[in-house]
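The chain contents come next:
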Amino acid sequence: MSNRDEPRREVERVQTGVRLEKRLLKVLKGLAEYLDLSLGDLLEGVALHALENKPPFSAATLKRVADLKRVYGLDLGAADSHRLRER
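Here we summarise the structure given alongside this text. Every residue gets a number counted from 1 within its own chain, in the order that chain's sequence is written. Only residues with pLDDT of 70 or above have their local features reported here, since the model is predicted, and side-chain atom pairs are shown and tallied only from 80 upward, although totals for entire chains, interfaces and linings are computed over all residues. Calculation of side-chain values draws on the structure's entire complement of heavy atoms; hydrogens and water are dropped beforehand.

Moving on: a nonpolar patch on the surface. Patches draw on residues past 30% relative accessible area with no salt bridge. Two like charges within 9 Å are joined, as are two nonpolar side chains (Val, Leu, Ile, Met, Phe, Trp, Tyr) within 5 Å. The Shrake-Rupley method, run with a 1.4 Å probe sphere, supplies the accessible areas, and residue values consider only the shown protein chains as cover. By definition, a salt bridge exists where a carboxyl oxygen of Asp or Glu is found within 4 Å of a side-chain nitrogen of Lys or Arg. Together, Val18, Leu20 and Leu24 make up a nonpolar patch on the protein surface, roughly 240 Å² of accessible area in all. Secondary structure elements are taken from DSSP: a helix is a run of H or I of four residues or more, a strand is a run of E of two residues or more, and numbering for both begins at the N terminus. Within the element layout of this structure, leucine 24 appears in helix α1 (residues 22–34). We call a residue buried when its accessible area falls under 20% of the maximum for its residue type, exposed when it is over 50%, and partly exposed in between, using a 1.4 Å probe and counting protein chains only. We classify leucine 24 as partly exposed; its relative accessible area is 31%.

Okay, structure coming up:
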């Protein structure tokens, strides 16, 4: 049985306001559009994978991420995550 054949899980979603780095948000929105997902669904998926230490993206999707990062000038990586500060 594949994931698509399993019964759907009912959840309660809440509206939240989060602040993200501008170029990162553009990449995430572009990726969500490419995957035909809402931004919220993409973020939920990434977070759920991360919490289980599983990679969220295939090699093909990572190539698209690299393309989007180049288009939007995103030069940040995981190592930068604890070193960001606002202007």
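Now that the structure has been shown, we can carry on.
On to the environment of arginine 83. Mapping arginine 83 onto the fold places it in the segment after α3 (59–72). Pairs of N or O atoms are called polar contacts if they sit within 3.5 Å, as long as, within protein, a hydrogen donor faces a hydrogen acceptor (for residues adjacent in sequence, only side-chain-to-side-chain pairs). A polar side-chain atom of arginine 83 sits 2.6 Å from a polar atom in the side chain of aspartate 80.

Looking now at the nonpolar core. Of all hydrophobic cores here, the largest spans eight residues; its members are Val27, Leu28, Leu31, Ala32, Leu42, Val65, Leu68 and Leu74. When residues of this core are traced back to their parent elements, those giving at least two are α1 and α3. Among the elements that line this core, the one with the most residues is α1, at four residues. If near-sequence neighbours (up to four positions away) are discounted, leucine 28 is found in contact with Leu20, Leu39, Leu42 and Leu43. Joining through side-chain atoms within 4.5 Å is the link that ties buried Ala, Val, Leu, Ile, Met, Phe, Trp, Tyr and Cys residues into a set, and such a set is a nonpolar core. Note on definitions: a residue-residue contact is assigned when non-hydrogen atoms from the two residues lie within 4.5 Å.

For helices, the fitted axis covers only the stretch in contact; all axes are lines through C-alpha atoms, and the angles between them, taken along N-to-C directions, range from 0 to 180 degrees. Closest axis-to-axis distance for the α1/helix α2 (residues 39–51) pair is 9 Å, and the angle between their directions is 100°. When the interaxial angle is binned, α1 and α2 end up roughly perpendicular. Only Leu39, Leu42 and Leu43 of α2 make contact with α1, whose side of the interface consists of Leu25, Leu28, Lys29, Leu31 and Ala32. Among the residues forming the contact of α1 with α2, the class breakdown is seven nonpolar, no polar and one charged. What sets the label is the angle itself: under 35 degrees gives roughly parallel, over 145 gives roughly antiparallel, 65 to 115 gives roughly perpendicular, and the rest give oblique. In this classification, the charged set is Asp, Glu, Lys and Arg, the nonpolar set is Ala, Val, Leu, Ile, Met, Phe, Trp, Tyr, Cys and Pro, and all remaining amino acids, among them Gly, are polar.

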